[in-house]
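Letter by letter, the chains look like this.
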2 protein chains.
Amino acid sequence: MAVFPPTLDRLVQILSRLPGIGRKSATRIALKLMSSSKADCAELARAIVEAREKTLKCSQCGALTEVDPCRICTDPRRDRSVVCVVERPSDVIAFERTSRFRGRYHVLGGLLSPLDGIGPEDLRITSLAKRACTPEVQEIILALNPTAEGEATSLYIAKLLSDSSVRVSKLASGIPVGGDLDLADDLTLGTALEERREL
Amino acid sequence: MAVFPPTLDRLVQILSRLPGIGRKSATRIALKLMSSSKADCAELARAIVEAREKTLKCSQCGALTEVDPCRICTDPRRDRSVVCVVERPSDVIAFERTSRFRGRYHVLGGLLSPLDGIGPEDLRITSLAKRACTPEVQEIILALNPTAEGEATSLYIAKLLSDSSVRVSKLASGIPVGGDLDLADDLTLGTALEERREL
């Protein structure tokens, strides 16, 4: 027997499609919304539609923005000689939070994954190659996750750019700052040892 | 520096108000929505507004419904002599899932909590007393959480109804089915022992 009114049941179903939201959390959220004011519900609904309508991908770097090109691409204070290549728009946000990178970004929109049928043509790799060839760009930093797909994608891009004069680097691997040697896996510890730096 | 476009930032803020959703989950959900189709976003927005518009509280039992009185209150197959008193609409759903209760419900909408300023007049207690006085009702089952507030509310209602001819019962306390004696807390184990049943 369906225990929920039909519209509520539908809301729970749609909410459970969101990442990290199971049936139980969806029910909890839906019931909370039912006890909120109609104005609050309308506000949430409007915020969803509005954000989706206004947010687009920057035609230059692929990051989420409301103006095209995005504020980072057009910011005259940013270093135009360095481009940081990331997988997703959320990675741009992660780097911006650090305030340690003053160059520009290039969002691939995914990683190479032959098993899932994702090839170079499905990612923003052609436009990256074009950007790398402009004289102002001197370094490409590959900042992809250190997973099998991430490493394969990094290698693919490095090979693609090997003929150009641009410098290609990738993020350091090692022990996380504040981390514990005891808890580091063998691969990470091994890499940290191999790529040790002189003090 | 704000790293998100303003409308997206607003969406994250509003999503973080939902129960169980922190800033990180809200960001994840918002980014997922940005990569979903506009139609999907509109569907979610519509589902929220529609559920909130159509869902109301049953004037008899206080459960969430689209028709008033709700389907449970008007179902002729339900036992009209037993009323199960619960705190929230979600508790009705929990009982319905068990398929073990064939009576009707009464949702209080909260528990007595003098510290939070919640008194009897803030809950649906007067209407419960009225229902308890109708001749068809013979038993009131108090199914409130076994917390301090739940027990206090149960006692208050039991006292309120002590002059009427209605029988007042409450849920059994004890070891959860499939539970482990080792893991039960002292209070639960003690209660289970005290309220043991003959086989």
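For clarity, every value in this text was computed on a predicted model and none was experimentally measured.

(A) Representation of the overall build of chain A. What chain A contains, in helices and strands, is eight helices and six strands. Shown N-terminal to C-terminal, the secondary structure of chain A runs as helices and strands in the order α-α-α-β-β-α-β-α-β-α-β-α-β-α. Scaling as 2.2 N^0.38, a compact globule of 199 residues should have a C-alpha radius of gyration of about 16 Å, whereas chain A reaches 22 Å, well beyond that. By principal-axis analysis of the C-alpha atoms, chain A measures approximately 65 × 45 × 35 Å.

(B) Representation of the pattern of salt bridges. For the structure on display, the rule yields 22 salt bridges over all chains. Two residues, Glu 136 of chain A and Arg 104 of chain A, come together in a salt bridge whose shortest N-O distance is 3.1 Å. Remark: Arg 104 of chain A occurs in strand S4 (residues 104–107) and Glu 136 of chain A occurs in the loop between helix H6 (125–133) and strand S5 (139–142); sequence separation between them is 32 residues. Since its relative accessible area comes to 35%, Glu 136 of chain A is described here as partly exposed. Salt-bridge contacts for Asp 91 of chain B lead to Arg 88 of chain B; the nearest nitrogen and oxygen are separated by 3.2 Å. Because the salt bridges share partners, they merge into one network encompassing Arg 10 and Arg 17 of chain A together with Glu 43 of chain B.

(C) A look at the packing of helix H6 (residues 125–133) of chain B against helix H7 (residues 148–160) of chain B. Residue and element names in this part refer to chain B. Contact geometry of H6 with H7 gives a least axis separation of 11 Å together with a crossing angle of 40 degrees. Relative to H7, the element H6 lies oblique. Handedness of the H6/H7 crossing: right-handed. Facing Ile 125, Leu 128 and Ala 129 of H6, the residues of H7 in contact are Tyr 156, Ile 157 and Leu 160. Of the residues contributing to the contact of H6 with H7, the split by class is six nonpolar, no polar and no charged.

(D) The arrangement of empty space enclosed by the protein in detail. For the structure shown, the criterion picks out one cavity of 30 Å³ or more. By volume, the largest cavity is sized at about 60 Å³. In terms of lining, the largest cavity is formed by Leu 15, Leu 18, Ile 29, Leu 33, Leu 44 and Ile 48 of chain A together with Leu 15, Leu 18, Ile 21, Ile 29, Leu 44 and Ile 48 of chain B. For the lining of the largest cavity, the elements supplying multiple residues, two or more each, are helix H2 (23–35) and helix H3 (38–54) of chain A together with helix H3 (38–54) of chain B. Class assignment for the residues of the lining of the largest cavity results in twelve nonpolar, no polar and no charged.

(E) Quick peek at the pairing of strand S5 (residues 139–142) of chain B. Residues and elements named next belong to chain B. Covered by surrounding structure in S5 are Glu 139 and Ile 141 together with Ile 140 and Leu 142, the residues of both alternating faces. By the bridge criterion, four bridges tie strand S3 (residues 82–86) to S5 in an arrangement that is parallel. If you follow Val 85 over to S5, its bridge partner there is Leu 142. Here four bridges tie S5 to strand S6 (residues 167–170), and the two strands are oriented parallel to one another. Residue pairing for S6: Ile 140 is matched across the bridge by Val 168.

(F) Structural view of the interface of chain A and chain B. With 47 residues of chain A at the contact, the number on the chain B side is 47 residues. Its largest share of buried area at the contact with chain B, chain A owes to Thr 7, Ile 48 and Arg 52 of chain A, together 14% of the area lost on that side. Where chain A meets chain B, there are six salt bridges. Of the charged contacts, one joins Arg 17 of chain B and Glu 43 of chain A as a salt bridge, the two residues approaching to 3.4 Å between their closest N and O atoms. Across the chain A-chain B interface, the total number found is eight residue pairs in polar contact (both at pLDDT 80 or more). Among the secondary structure elements, those contributing two or more residues to the side of chain A that touches chain B are helix H1 (6–15), H2, H3, strand S2 (64–65) and helix H5 (89–98) of chain A.

About the thresholds
- Residues numbered from 1 in each chain as written.
- Chains lettered and ligands numbered in written order.
- Predicted model: local features only at pLDDT ≥ 70, side-chain atom pairs only at ≥ 80, totals over all residues.
- Heavy atoms only, no water.
- Helix = DSSP H or I, 4+ residues; strand = E, 2+ residues; numbered from the N terminus.
- Rg over C-alpha atoms; globule rule 2.2 N^0.38 Å.
- Salt bridge = Lys/Arg side-chain N within 4 Å of Asp/Glu carboxyl O.
- Buried < 20%, exposed > 50% of the residue type's maximum accessible area, 1.4 Å probe, protein only.
- Axes fitted to C-alpha atoms, helices over the stretch in contact; angles between N-to-C directions.
- Parallel < 35°, antiparallel > 145°, perpendicular 65-115°, else oblique.
- Left-handed = near helix turned anticlockwise from the far one by under 90°.
- Contact = heavy atoms within 4.5 Å.
- Nonpolar A, V, L, I, M, F, W, Y, C, P; charged D, E, K, R; others polar.
- 1 Å grid on protein atoms, 1.4 Å probe; cavity = no way out; pocket = protein on both sides within 12 Å on 5 of 7 lines; lining within 4 Å.
- Points joined across faces, edges and corners; volume = space filled by probe spheres on them.
- Pairing = 2+ DSSP bridges.
- Buried area = accessible area lost by both parts, 1.4 Å probe.
- Polar contact = N/O pair within 3.5 Å; in protein donor to acceptor, adjacent residues only side chain to side chain.

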